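Remarks on the overall topology
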Amino acid sequence: MEGKTKAFLFKVARRGDRSVWRRIEIKGNQTLADFDNIIRLEFNLDNFDHLSEFYSGKNWAHSGYGIITPDGTGEGADIQISSLILYNGAINYVYDFGTETHLYAKLEKISDVEPNVYYPRTVSQNEPHYKFCEECMARGKKTVAEYECYTCSEESEKPVYICGECSESEKHEDHYVEEILY
Ligand SMILES: [Zn+2]
Ligand SMILES: [Zn+2]
């Protein structure tokens, strides 16, 4: 099939929250490990700890292409993009089998590979809807928030967004914070 001469353009979004998306283009002869790697970078998923897997259809447990480890090995790692049988023109992705994150990658276009382009690449992404640090805000300063503090969110029963500087204050010292994906 279309091997190294074709580029596959996918729109990748979180399932359940399609406002955050990336258009990623990857060559037909590149692998699921290559796809996994750029997805981990683009969606703030770590690339040292958790397993992931691509799957077709709805049920990842029954239709997976094989696990991929953070270092790009595993039974699904070497499968080429051009060899995938895409269910509804899409492929699904699950990251971390403990606390699952599901992504949906819709195939939008197949075109000729362009010379002098490094694949896979991110072609476009959603407009960021910035959240602002509420602690800076309280001091009359508008700073883009980098983190959500889940400990504070739970206590105040609403999301608490903070900037990098505020995240290092004593208040959040032992708190669980996570980077916000824009
Ligand atoms: Zn702040
Ligand atoms: Zn906190």
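Coordinates for the structure precede this section.
The structure contained in this document is the topic of the report that follows.

The rules we used
Each chain carries its own residue numbering, running from 1 in the direction its sequence is written. The order in which chains are written sets their letters, starting at A; the order in which ligands are written sets their numbers, starting at 1. Under the rules for a predicted model, residues below a pLDDT of 70 receive no local features and side-chain atom pairs below 80 are neither given nor counted, while totals for whole chains, interfaces and linings still include all residues. The basis for the side-chain values is all heavy atoms of the structure; hydrogens and waters are excluded. In this analysis, rings of Phe, Tyr and Trp, with Trp reduced to its six-membered ring, are considered paired at centre separations within 6.5 Å, and the interplanar angle assigns stacked below 30 degrees, edge-to-face beyond 60, and tilted for intermediate values. Only DSSP runs of H or I reaching four residues or more are called helices, and only runs of E reaching two or more are called strands; each is numbered from the N terminus. Exposure classes here rest on a 1.4 Å probe applied to the protein chains alone. A residue is buried below 20% of its type maximum, exposed above 50%, and partly exposed in between. Charge-over-ring placement is defined geometrically: NZ (Lys) or CZ (Arg) within 6 Å of the ring centre, and within 35 degrees of the ring normal. We call an atom a donor if it is N, O or S and sits within 2.8 Å of the metal, or 3.2 Å for Na, K and Ca. Water is not counted, so some sites may look partial. For four-coordinate sites, all angles between 85 and 135 degrees define a tetrahedron; for four- and six-coordinate sites, opposite donors beyond 155 degrees with the remaining angles between 65 and 115 define square planar and octahedral shapes respectively, and all other cases count as irregular. Definition used for salt bridges: Asp or Glu carboxyl oxygen within 4 Å of a side-chain nitrogen of Lys or Arg.

All told, the structure shown has 5 aromatic pairs when counted by the stated rule. Centroid distance Tyr 130 to Tyr 182: 4.8 Å. Interplanar angle 70 degrees. Geometry classified as edge-to-face. Of the two residues, Tyr 130 is situated in the loop between β7 (121-125) and α2 (134-138) and Tyr 182 in the segment after β10 (177-179); the sequence distance between them amounts to 52 residues. Overall, Tyr 130 belongs to the partly exposed group, its relative accessible area being 45%. An aromatic cluster is built from Phe 10, Phe 35, Phe 54 and Tyr 93, whose rings are joined through pairwise contacts. In this structure, Lys 11 packs its charged tip against the face of Trp 21, placed 4.6 Å from the ring centre. For the cation-ring pair, Arg 22 lies above Phe 43, with the distance from its terminal atom to the ring centre recorded as 5.7 Å.

This part takes up the coordination of the zinc ion (ligand 2). Coordination sphere of the zinc ion (ligand 2), protein contribution only: Cys 149 (SG), Cys 152 (SG), His 172 (ND1) and His 175 (ND1), at 2.0 to 2.2 Å. Between the 4 donor atoms coordinating the zinc ion (ligand 2), the angles at the centre fall across 104 to 114 degrees, so the site counts as tetrahedral. Read in sequence order, the donor residues for the zinc ion (ligand 2) give the motif C-x2-C-x19-H-x2-H. For Cys 149, a relative accessible area of 0% gives the class buried.

Now for unusual backbone geometry. Across the junction of Tyr 119 and Pro 120, the peptide omega takes the value -5 degrees, indicating a cis bond. Residue placement: Pro 120 occurs in the loop between β6 (101-112) and β7. Despite not being glycine, Asp 96 shows a phi value in the positive range, around 70 degrees. On the secondary structure map, Asp 96 appears in the loop between β5 (90-95) and β6. Judged by relative accessible area, Asp 96 falls into the buried class, the value being 11%. Phi at Asn 116 takes a positive value of approximately 60 degrees, unusual for a residue other than glycine.

Inspection of every chain in the model, using the stated rule, returns 9 salt bridges. Here Asp 112 and Lys 6 are joined by a salt bridge, their closest N and O atoms 2.6 Å apart. With Asp 112 in strand β6 and Lys 6 in strand β1 (residues 6-14), this residue pair connects regions lying 106 residues apart in the sequence. We note a salt bridge from Lys 171 to Glu 135, for which the minimum N-O separation is 3.4 Å. Residue Lys 171 is found in the loop between α4 (164-167) and β10, and its partner Glu 135 is found in helix α2; the two are separated by 36 residues along the sequence. For Glu 135, a relative accessible area of 15% puts it in the buried group. If you follow the salt bridges from partner to partner, you end up with Glu 25, Glu 114 and Arg 121 in one network.

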